[in-house]
Amino acid sequence: MKHIVILVGSLRKDSFNKQLATIIKNKLQHIHVEIVNLNKIPFFNEDEEFPTPIQVKMIRNAIKKADGIWIISPEYNGEIPGVLKNALDWLSRPEIKNDWETGSVLKNKAVTISSVAGRSKGLHVRTALSKLLQRLGMNNVYDLGTGFSFNQQTFELSKEDDQLLQQQIQTFIEPHKNS
Ligand SMILES: Cc1cc2nc3c(=O)[nH]c(=O)nc-3n(C[C@H](O)[C@H](O)[C@H](O)COP(=O)(O)O)c2cc1C
């Protein structure tokens, strides 16, 4: 892989999941990594789907150019945070009205999941995401991905965590090295 897009399910300034996104970006210096901002995406509304809001168009274009997507998300009440689910709902729709044949920019796209959360290490959100991504026709290459937990107000990767992340990178990025 030469180019990936990272979607983060937290808008918080000091988000641990954003911190993980930056750690991953720094580990992948040999490829182009774009961390996309979900801040400005409006709530999905079929009445306002066309013409498509510019913020959604920009994310769609980034995804079209990318070889894969890395989704990094906290767990909110055992589920996918609204901001991420909203973005995925937008992205699940065809670019052109009623063009069901072409489908969405997510279709067949390689994807992997990570989460920084409490003691569950985001198992619930990763399970929910895995089910959703399959429904969206994506190629989830690392099953339930990787989960990490934070300690009080800090987040640091342990040596074991780092190894887990490295395995995920190898499975997700390396087999598609030249694509
Ligand atoms: C509405 C809400 C619900 C939450 N539910 C869960 C949960 O189900 N499981 C969990 O491990 N942490 C839960 N948390 C704690 C988050 O994991 C924690 O706030 C985390 O730091 C959020 O990620 P961020 O640092 O990337 O913003 C919840 C937090 C919020 C705000």
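Cut-offs and rules
Residues numbered from 1 in each chain as written. Predicted model: local features only at pLDDT ≥ 70, side-chain atom pairs only at ≥ 80, totals over all residues. Heavy atoms only, no water. Helix = DSSP H or I, 4+ residues; strand = E, 2+ residues; numbered from the N terminus. Rg over C-alpha atoms; globule rule 2.2 N^0.38 Å. Buried < 20%, exposed > 50% of the residue type's maximum accessible area, 1.4 Å probe, protein only. Contact = heavy atoms within 4.5 Å. Areas by Shrake-Rupley, 256 points an atom, 1.4 Å probe, with all protein chains shown as cover. Lys, Arg positive; Asp, Glu negative; His and termini not counted. Charge placed at Lys NZ, Arg CZ, Asp CG, Glu CD. Axes fitted to C-alpha atoms, helices over the stretch in contact; angles between N-to-C directions. Parallel < 35°, antiparallel > 145°, perpendicular 65-115°, else oblique. Left-handed = near helix turned anticlockwise from the far one by under 90°. Near = heavy atom within 4 Å. Polar contact = N/O pair within 3.5 Å; in protein donor to acceptor, adjacent residues only side chain to side chain. Salt bridge = Lys/Arg side-chain N within 4 Å of Asp/Glu carboxyl O. Core = buried A, V, L, I, M, F, W, Y, C linked by side-chain atoms within 4.5 Å.

Participant: Kindly report on the overall build of the protein chain, identifying the contributing residues and their values.
Facilitator: Along the protein chain, the regular secondary structure elements total 5 helices and 6 strands. Secondary structure elements of the protein chain occur, N-terminal to C-terminal, as β-α-β-α-β-α-β-α-β-β-α. For a compact globule of 179 residues, the expected C-alpha radius of gyration is about 16 Å, and the protein chain comes in at 16 Å, within 12% of that figure. Along the first, second and third principal axes, the C-alpha set of the protein chain runs to 50 × 40 × 25 Å. Expressed as a percentage of the 179 residues in the protein chain, the buried residues total 46%. In the protein chain, 78% of the contacts between residues at least 6 apart in sequence involve partners at least 24 apart. For the protein chain, the computed accessible surface area is about 9800 Å², with 48% contributed by carbon and sulfur atoms. Looking at charge distribution, the protein chain has the averaged site of its 23 positive side-chain charges lying 2 Å from that of its 19 negative ones.

Participant: I'd love a proper account of the packing of helix H1 (residues 16–27) against helix H5 (residues 159–172), names of residues and values included.
Facilitator: Angle between the axes and distance between the axes are the two parameters that describe a pair of packed helices. Where H1 meets H5, the closest approach of the two axes is 12 Å, and the angle between their N-to-C directions is 60°. Classified by the angle between their axes, H1 and H5 sit oblique to one another. Once H1 is placed against H5, the crossing between them reads as right-handed. On H5, the residues touching Leu-20, Ile-23, Ile-24 and Lys-27 of H1 are Asp-162, Leu-165, Gln-166 and Ile-169.

Participant: Hey, could you go over the site of the ligand for me, with residue numbers and the actual values?
Facilitator: Ser-10, Arg-12, Ser-15, Asn-77 and Gly-118 are the nearest of the 14 residues found near the ligand. Between the ligand and the protein, one listed contact pairs an oxygen atom with a side-chain N or O atom of Asn-17 at 2.7 Å.

Participant: Hey, could you go over the pattern of salt bridges for me, with residue numbers and the actual values?
Facilitator: What the rule picks out here adds up to 6 salt bridges. For Asp-89, the salt bridge goes to Lys-85, with nearest N and O atoms at 3.0 Å. Taken as a pair, Asp-89 and Lys-85 lie in helix H3 (residues 82–91) at a separation of 4 residues, close to a single helical turn. Under the relative-accessibility criterion, Lys-85 is labelled partly exposed at 32%. Here the salt bridges do not stand alone but share partners, grouping Glu-46, Glu-49 and Arg-93 into one network.

Participant: Before we move on, could you go through the nonpolar core and cite the residues and values that matter?
Facilitator: Ranked by size, the top nonpolar core spans 29 residues in total, and within it Leu-7, Ile-71 and Leu-88 carry the most contacts. Taken together, the elements giving at least two residues each to this core come down to strand E1 (3–8), helix H2 (54–65), strand E3 (68–72), H3, strand E4 (110–117) and helix H4 (123–135). Beyond its immediate chain neighbours, meaning those up to four positions away, Leu-88 contacts Leu-7, Ile-71, Leu-106, Leu-129, Leu-132 and Leu-136. With 21 residues, the next largest nonpolar core counts Met-1, Ala-21, Ile-31 and Phe-148 among its residues.

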